[in-house]
Amino acid sequence: MRGQLPLRQFPVLRVSTPRVHVRQLADEDAKPVTEIFADKQTQRWLPFPRDFGQIDGTAWCTEMAQERRDSGAGDHYGIVRREDDRLVGCLWTKRTDWGAKVTEISYAIAPEARGFGIAPEAVDALAIALILEHGFQRIELRVAPGNTASRRVAEKAGFTYEGLLRNAGHVHSGRVDLEVWSFVAADLR
């Protein structure tokens, strides 16, 4: 059809830093993914309304990830700690605009891995790979006000605060404003 953009699929990625690997999720990741998303602190800030229910790790790692890839909307990744090969977090890309080369990253970290800089390291590595290897021009993070840990992740990963989107999102407790943070190709110069 004339004027219609071709459907793009998210690139297969594997990114490594000195402490972590970021890779697509697989069937065998289902149990730790279920545990990460079941954590009470994670539940508090998940960008899903309460009626979404519990996230099933098997579906998150397989059908949901494949659907997101096939639609071109994004992908689901695991953060694997190199020292013990343990999956300690999840990243997912969403709201991808292929024409503008923009996507958003979200994340959740296992309770025992929080506070060690793993989230900013993984977010930074994924953002840089998306820009340098896959031509993205803008990566966004959206943070609910009050989620101080996520704000620190954005700052440590080199993202710039841009402003507040009023009543733009939801967490389990209801509608919330969202802070917008960005990392753009020019930030790498």
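Before reading on, note that the structure itself is shown above.
Every value quoted in this text rests on a predicted model; they were computed, and no experiment measured them.

Basis of the calculations
Residues numbered from 1 in each chain as written. Predicted model: local features only at pLDDT ≥ 70, side-chain atom pairs only at ≥ 80, totals over all residues. Heavy atoms only, no water. Phe/Tyr/Trp six-rings, centres within 6.5 Å; stacked < 30°, edge-to-face > 60°. Helix = DSSP H or I, 4+ residues; strand = E, 2+ residues; numbered from the N terminus. Buried < 20%, exposed > 50% of the residue type's maximum accessible area, 1.4 Å probe, protein only. Lys NZ or Arg CZ within 6 Å of the ring centre and 35° of its normal. Pairing = 2+ DSSP bridges. Axes fitted to C-alpha atoms, helices over the stretch in contact; angles between N-to-C directions. Contact = heavy atoms within 4.5 Å.

Participant: Which parts of the structure should I look at to understand the packing of aromatic side chains?
Facilitator: Ring pairs (aromatic) are described by centroid distance and by the angle formed between their planes. By the definition in use, this model includes eight aromatic pairs. A ring pair is formed by phenylalanine 37 and tryptophan 60, whose centres lie 4.9 Å apart and whose planes are at 65 degrees; its orientation type is edge-to-face. You can see phenylalanine 37 sitting in helix α1 (residues 30–38) and its partner tryptophan 60 sitting in helix α3 (residues 57–61), a full 23 residues away along the chain. Among the residues examined, tryptophan 60 registers a relative accessible area of 1% and is labelled buried. Measuring from ring centre to ring centre gives 5.6 Å for phenylalanine 37 and tryptophan 92, while their planes differ by 65 degrees; the resulting arrangement is edge-to-face. Of this pair, phenylalanine 37 sits in helix α1 while tryptophan 92 is found in strand β4 (residues 86–97), placing the two residues 55 residues apart along the sequence. With relative accessibility at 1%, the residue phenylalanine 37 sits in the buried group. Residue class for tryptophan 92 comes out buried when judged on its relative accessible area of 1%. The cationic tip of lysine 101 hangs over the ring face of phenylalanine 136; the distance from NZ or CZ to the ring centre is 6.0 Å.

Participant: For this particular structure, what's the right way to read the sheet that holds strand β7 (residues 160–171)?
Facilitator: Strands pair in a sheet through their backbones, by hydrogen bonds, and they do so in one of two ways: parallel or antiparallel. The strand order across the open sheet built from eight strands is β1-β2-β3-β4-β5-β6-β8-β7, with neighbouring strands paired in mixed fashion. The strands lining the two open edges of the sheet, one partner per strand, are β1 (14–16) and β7. Along the sheet, successive strands turn relative to each other by an average axial angle of 25 degrees, direction set aside. For strand β3 (residues 76–81) and β4, the ladder comprises six bridges, and the chain directions are antiparallel. When the bridges of β4 are listed, valine 80 appears paired with leucine 87. In the packing of helix α5 (residues 118–132) onto the sheet, the strands contacted are β1, β2 (20–24), β3, β4, β5 (102–109), β6 (138–143) and β8 (174–184), and the crossing angle to β5 comes to about 160 degrees.

Participant: Just checking my understanding: could you explain the pairing of β7 for this structure?
Facilitator: The side chains of a regular strand alternate, residue by residue, between the two faces of the sheet. Inspection of the sheet shows β7 paired to β8 by eight bridges, in the antiparallel sense. Counterpart to glycine 163 in the pairing with β8 is valine 180. What sits between the antiparallel neighbours β7 and β8 is a turn of two residues.

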